[in-house]
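What the coordinates show
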Amino acid sequence: MTQQQSSALSVEGLTKDYPGVRAVDNVSFTIKQGAIHCLVGENGAGKSTLVKMLTGVLQPTSGSITVAGRRHCPRNPQEARDGGIATLFQELHVVDELTVKENLTLGMEASRFGFLVNSKTDEVAIETLATIEPSIDPEARVASLSVAQKQILEISRAASSGASVIIMDEPTAALSEREVERLFAVIRRLRDANVTVVYISHKLDEIFELGDDVTVFRDGKHIVTKPLDEVDGRQQLIELMIGRTVFQQYEPRDIADAEPILQVEHLKTSLLKDVSFHVNKGEVVGFYGLVGAGKTEIARAIYGADKFSGSVRFNGKEIGPTPHDAIAAGIALVPEERRTQGLFTNLTIRENVPVMNLEKISTTGMLSPSRERQAAEHFVAQLGIATSSIEKHTEKLSGGNQQKVVLAKCLFAEADLLLLDEPTRGVDVGAKTEIYDVIKALANEGKSICVFSTELEEILGICDRIILLYEGMLEEELLNGEDVDIAHILNVVTGGAEHKGQ
Amino acid sequence: MSYSISKTRHTPFSARLGQFLRDYYIYLVLILVVVLLSVANLDRFDLFERGNFLNPKNIVNILRVSAPILTLAGAFTLLMVSGHIDLSVGSAMSLAAVVYASLAINGVPFLMAFGLTVVVGVLLGAINGLLVVKLKITPVIATLITLSLYKGVALLMVQDGVSAIKSGGGLKMPGWFNDYGRSGVLLNLPMAFWVAVLVTIALIVVQNKTLLGKHAAAVGGNPTAARLSGVSSNKIVILLYVVVGVSAALAGIARSSFMSLGDPLSGDGMELTAILVVLLGGTAFSGGEGRVLRSFIGALIIMALTVGMLTLVPAYYQTLVVGTVLLIAAASNHLVSRKGSK
């Protein structure tokens, strides 16, 4: 590790409030010049929000940021970069229609009277690209590149921007091992050039391989910042990340002799690698893994929303390949994105509830308004949807109540198997508990439920059985209970199983 | 053009053919149309006399009539590349025509009338741009609004009981008014045509060599990426609407000169022609892709078809034929480009 004196970036009392949620809570820490500084924490710990404030995408509620001794309060990414911070966002941000070279310099072009001129920036960018991945032709159109190549393009762009601080948010998610090695070499070279790299990753091995210092976040709060040398292995880092969070108490249920209702065998998609499992009647099964581990893909495959190979049998029969078939068979999906995929936000609660099963409220093709109203009122009462009327537009409901309307839709469709993808994302704490109660009540009625979640607390709180996923593979299956080893689970979903095998 | 794909040596023949078709299909279509129209009108013993499509008089005539759409095609392409659209171009053209004719008939000298009309174009374009960028109105709706507004103003500027601003009632159009659109200055082609060529050359340079051209493609291709890269999309979009406004004004000047009057309805339907021409040139409706030169060629094709068929088929078949050509072009373009991408 190199010796650093000055601070490249420091935050002081930084806070970001969303309605009902404090995403980042009074955070203060310092990042040294010329170091590779890792940020770790569970999903929702506040890392992404912090990054968005550093890069001008979000404005802090209070607190201050200092970059190289100067106050840094960017209002947009351009100002952040002018202040010396370049960012590699999680999602790809390249323009397919332009060439590699044009993308490399996008927003940083040298120009004279509006005309593009060649400059040092171009050369540096192309050189950087050539060192990371010489096979990419600077003149090729970006549309012809693979996802990994696009990622490398973005990395080259950030690396050649001349910024003193480069933030990388999960840069290796789409890269192959060889490409990761090259990326690491580039990051180390940046460090040698006294550039500070802020590195965010869920893959703890990468953190230990690459990082100089680490900052741990938990529940929006800063836990610790210290040199990685002083961290005693994965286990200690995981303990710092999860702390002594009190998990919702799981109550073991008597479902030992239930028969299987769903059998999935050799499920394969572009991401999933041969996943097989079953779900019993009345059981709550949790699928836990990082973003990109394959949770949503499993849910969508079962529901017939995406193509797959392998066999999905429900009640002993193969299901047809469309969501329509799945609904008819008795399967319902509560999708990841409530507003865009789950609800008709421009319609009322009354109109939303029956959409998956309009036949049930109609006679010879004519909708019966009275039966529609009855259905809506029934579910508002059963699920405890807080609303002044069933005529309220669903966009005006809180996140938790919106989610209950989505659940009502599925229940009205008389589903026996509910696939819940991130059921409490963006929902406040009180409503979360209510949704958990609804899920438990449904399971007790004999419904089978699959919960796909990136929140361990949720998985441990309500699921009878837990399936751990890592990069499209089913790593492990375990029964929930008092003796469940949280550190072990986190180890597995962050790639620890492979680590052990090496 | 600037998207040359390297290593053609190692690619198989079919892929190279596909690439060739993608790059040059618009020129092939132009040649095809010209050949078909010539063969259909062939007068074997009198190659350069009336009746033959390739008759120089005929060509000159087509190019003269085409000046307005040729002027407009390039700017419209850049705007569509940025993922925006301007439905008010026809009305802006009409308004410019009326303004230009009013100035001319009231004794304002050529250069001044010309300059003032261009300023009007800047204004009209800026209004569109501000509606889209500042009031955040969807481009289609914003420019549908100004389509009505601009046309309304154009109609108001013409006195009651008269259909257009023209000689009569003691006022007379000056001689230069008509010359601009009709009298040959070079190769027997009038100023209006050469202005269209100059505008197109300028816009090809803008597209390939300037920040504006590159950022237009970035904004249209991936708005989020553009914003996060620090591209000031708002400035780009306003500027592009202004460029379209100026082109519409120049098109209005060309049209009114050619017709010798300031007709408040002269630009009607121009927005659809512009969209047709640009799409025929291979511009993506969703933005990101498109070349100024190809739209120019697209405009030539449409105009050759429209005018060339006058002698062949009854006028009421024209729209149908133009639609068919566009359908074939769109379908083949789609097929070729789908094969080409991985």
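Up top is the structure these notes are about.
Basis of the calculations
Residues numbered from 1 in each chain as written. Chains lettered and ligands numbered in written order. Predicted model: local features only at pLDDT ≥ 70, side-chain atom pairs only at ≥ 80, totals over all residues. Heavy atoms only, no water. Helix = DSSP H or I, 4+ residues; strand = E, 2+ residues; numbered from the N terminus. Rg over C-alpha atoms; globule rule 2.2 N^0.38 Å. Buried < 20%, exposed > 50% of the residue type's maximum accessible area, 1.4 Å probe, protein only. Contact = heavy atoms within 4.5 Å. Areas by Shrake-Rupley, 256 points an atom, 1.4 Å probe, with all protein chains shown as cover. Lys, Arg positive; Asp, Glu negative; His and termini not counted. Charge placed at Lys NZ, Arg CZ, Asp CG, Glu CD. Pairing = 2+ DSSP bridges. Buried area = accessible area lost by both parts, 1.4 Å probe. Salt bridge = Lys/Arg side-chain N within 4 Å of Asp/Glu carboxyl O. Nonpolar A, V, L, I, M, F, W, Y, C, P; charged D, E, K, R; others polar.

A short note on the overall build of chain A
Summing up its helical and strand segments, chain A has 18 helices and 24 strands in all. Against the 2.2 N^0.38 benchmark of 23 Å for 502 residues, chain A shows a C-alpha radius of gyration of 25 Å, consistent with a compact globule. Taken along its principal axes, the extent of the C-alpha atoms in chain A is 70 × 55 × 45 Å. Put simply, chain A has 502 residues, and 55% of those count as buried. Once local pairs closer than 6 in sequence are excluded, the contacts in chain A between residues at least 24 apart make up 67%. When the accessible surface of chain A is summed, it comes to about 21600 Å², and 49% of that surface belongs to carbon and sulfur atoms. Averaging the positions of the 51 positive and the 73 negative side-chain charges in chain A gives two centres separated by 4 Å.

Here's the deal with the pairing of strand β16 (residues 309–314) of chain A
Residues and elements named next belong to chain A. The sheet contact formed by strand β13 (residues 260–268) and β16 spans five bridges and is antiparallel. When the sheet's bridge partners are listed, L262 is paired in β16 with F314. Two elements, β16 and strand β17 (residues 317–318), share two bridges in a ladder whose sense is antiparallel. Across the sheet, the residue bridging to F314 is K317, located in β17. Count of turn residues in the β16/β17 antiparallel hairpin: two residues, of which N315 carries a positive phi of about 55°.

Quick word on the interface of chain A and chain B
Counting from both sides, the interface comprises 26 residues of chain A and, opposite them, 27 residues of chain B. Buried surface at the junction of chain A and chain B, summed over both partners, amounts to about 2300 Å²; 58% is from carbon and sulfur atoms. On the surface where chain A and chain B come into contact, there are two salt bridges. With its nearest N and O atoms 3.3 Å apart, the salt bridge here joins A:R141 to B:E289. Those elements that place two or more of their residues in the side of chain A that touches chain B are α2 (77–82) and β8 (115–116) of chain A. The leading source of residues in the side of chain A that touches chain B is α2(A), at three residues. Taken together, the residues of the side of chain A that touches chain B sort by class into 11 nonpolar, seven polar and eight charged.

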